[in-house]
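Now for the letters of each chain:
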Amino acid sequence: MTIRIGNAPCSWGVEFANDPRNPAWRDVLRENAEAGYKGIELGPVGFMPEDPAVLRDALDEFDLELIGGVVFRAFHDPAAWDDVLDGSLRTCKALNAHGAKHLVLIDSISPRRAPTAGRAGAAEQMDATEWAAFRDRIKHVAQMGVDHGLTVGIHAHAAGFMDFEPELERLLEEVDESILKICFDTGHHSYAGFDPVSFMERHIDRISYMHFKDIDPAVKADVIAKGTGFYEACGQGIFCNLGDGDVDFPRVRQILLDNGFEGWCTVEQDCDPTLPDTDSLRDAKINRAYLQSIGF
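All values reported here derive from a predicted model rather than from experimental measurement.

Reading the values: rules and limits
Residues numbered from 1 in each chain as written. Predicted model: local features only at pLDDT ≥ 70, side-chain atom pairs only at ≥ 80, totals over all residues. Heavy atoms only, no water. Helix = DSSP H or I, 4+ residues; strand = E, 2+ residues; numbered from the N terminus. Rg over C-alpha atoms; globule rule 2.2 N^0.38 Å. Buried < 20%, exposed > 50% of the residue type's maximum accessible area, 1.4 Å probe, protein only. Contact = heavy atoms within 4.5 Å. Areas by Shrake-Rupley, 256 points an atom, 1.4 Å probe, with all protein chains shown as cover. Lys, Arg positive; Asp, Glu negative; His and termini not counted. Charge placed at Lys NZ, Arg CZ, Asp CG, Glu CD. Polar contact = N/O pair within 3.5 Å; in protein donor to acceptor, adjacent residues only side chain to side chain. Axes fitted to C-alpha atoms, helices over the stretch in contact; angles between N-to-C directions. Parallel < 35°, antiparallel > 145°, perpendicular 65-115°, else oblique. Left-handed = near helix turned anticlockwise from the far one by under 90°. Nonpolar A, V, L, I, M, F, W, Y, C, P; charged D, E, K, R; others polar. Pairing = 2+ DSSP bridges. Right-handed = clockwise from strand over helix to strand, strands pointing away. Core = buried A, V, L, I, M, F, W, Y, C linked by side-chain atoms within 4.5 Å.

K.L.:
Please give an account of the overall build of the chain that cites residues and values.
P.N.:
Looking only at helices and strands, one finds 11 helices and nine strands in the chain. Against the compact-globule benchmark of 19 Å for 296 residues, the chain has a radius of gyration of 18 Å, which places it among compact chains. Expressed along its principal axes, the backbone C-alpha trace of the chain runs to roughly 50 × 40 × 40 Å. Within the span of the chain, comprising 296 residues, buried residues form 56% of the whole. A separation of at least 24 residues holds for 82% of the contacts in the chain among residues at least 6 apart in sequence. Carbon and sulfur atoms provide 49% of the accessible area of the chain, an area that totals close to 11,600 Å². When the 28 positive and 50 negative side-chain charges of the chain are each reduced to one mean point, those points stand 2 Å apart.

Put into structure tokens, the structure is as follows:
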């Protein structure tokens with residue numbers, strides 16, 4: 001089994017390409033390498049240079065491989081379709097330019113879902129017509145990724161319409177595995193109120209890529225009870241250092257090992273970069289050391 005460990009710009013607080021709070025992209029690459037990672041995700045397209053020569057030189061300088069990229073846009077909103085397509089095509093082109101393989105699709109946060117993050121029973125559901133159109137938009141972009149030679153994974157995310165285990169499994173039943181696989185995020189699955197280990201045991205054959213994230217159970221209980229927004233929850237530390245939360249990473253490792261998983265697993269520790277106690281380099285080093293301590 002060959003598993004490689006990477007990290008992602010969201011661990012430095014980068015969620016949107018044009019957020020003025022973002023650190024410099026070269027600083028993210030430099031600190032990622034300093035923390036001991038050999039791979040990094042693209043982040044939101046436009047955060048890193050879209051000129052392949054510029055980014056290639058920087059990746060070479062820091063001895064990093066580009067792993068993949070995320071399209072975190074409003075698949076749930078038909079009015080946002082042009083934006084989804086723009087971000088998807090640009091991401092596909094950027095990944096192709098650097099030989100990266102993983103295209104990750106995430107439905108972004110919806111005001112209709114944000115108050116019920118972590119509470120599946122209370123969350124608003126799409127009707128049959130809305131669901132079918134939502135599914136078909138995801139399928140369309142997944143096919144775009146496949147046409148670009150990429151492996152495409154759906155990623156459940158708190159406060160979007162692809163959040164809870166039943167809707168994730170419904171999508172997997174309705175979209176062929178040849179087009180759409182799973183980018184499995186351990187932390188978001190826990191945030192949603194489901195057991196990531198159990199899901200992995202049932203669906204490991206369809207998981208093509210992993211995001212490693214841990215959840216502080218006390219913060220999770222508080223933000224769910226209060227209906228706290230996703231980014232506010234990040235600021236309260238819901239995504240703690242790996243090994244400090246409720247995700248059983250030794251068991252996650254064993255499932256991957258038992259099933260011959262090969263490829264990248266990427267640390268994602270969403271944070272608020274403006275908080276005085278945020279130190280992404282420190283946390284990246286701690287997370288890498290923890291994963292090494294359990295055999296990654």
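There's more to say after this.
K.L.:
Lay out the side chain of D185 in plain terms, naming residues and giving numbers.
P.N.:
Along the chain, D185 turns up in strand β7 (residues 181–185). Since its relative accessible area comes to 3%, D185 is described here as buried. At 2.8 Å, the side chain of D185 and the backbone nitrogen of H188 are in polar contact. Not counting chain neighbours up to four residues away, the residues in contact with D185 comprise H155, H211, K213 and E268.

K.L.:
Report on the packing of helix α1 (residues 25–34) against helix α2 (residues 52–61), specifying residues and quantitative values.
P.N.:
At a minimum axis separation of 10 Å, α1 and α2 run at an interaxial angle of 25°. Put simply, α1 runs roughly parallel to α2. Once α1 is placed against α2, the crossing between them reads as right-handed. Here W25, R26 and L29 of α1 lie close against α2, whose contacting residues are V54, L55, A58, L59 and E61. For the contact of α1 with α2, a count of residues per class yields six nonpolar, no polar and two charged.

K.L.:
Can you tell me about the pairing of β7, naming the residues and giving the values?
P.N.:
Successive residues of a regular strand alternate their side chains across the two faces of the sheet. Burial analysis of β7 places four of its five residues in the buried class, the great majority of the element. Inspection of the sheet shows strand β6 (residues 151–154) paired to β7 by two bridges, in the parallel sense. Residue pairing for β7: G153 is matched across the bridge by K181. Chirality of the crossover, the property in question, places the unit of β6, helix α5 (residues 165–174) and β7 among those that are right-handed.

K.L.:
Break down the nonpolar core for me, citing the residues and quoting the values.
P.N.:
Within the largest apolar cluster, 71 residues are counted, with the highest numbers of intra-cluster contacts made by L105, M210, F212 and L256. Per-element tally for this core: the top contributor is helix α4 (residues 128–147), with six residues. Not counting chain neighbours up to four residues away, the residues in contact with L105 comprise V71, F75, I138, V141, A142, V152, G153, I154 and H155. One finds Y191, V219, C234 and I238 within the second-largest nonpolar core, a separate group that totals 14 residues.

K.L.:
Give me the side chain of H155: which residues, what numbers.
P.N.:
Within the secondary structure, H155 is located in the loop between β6 and α5. For H155, a relative accessible area of 1% puts it in the buried group. Of the polar contacts made by the side chain of H155, one reaches the side chain of D185; its length is 3.1 Å. Once residues lying within four places of it in the same chain are set aside, the contact partners of H155 are V104, L105, I106, M162, C183, D185, H188, H211 and E268.

As far as function goes, none of this settles anything; it's purely spatial.
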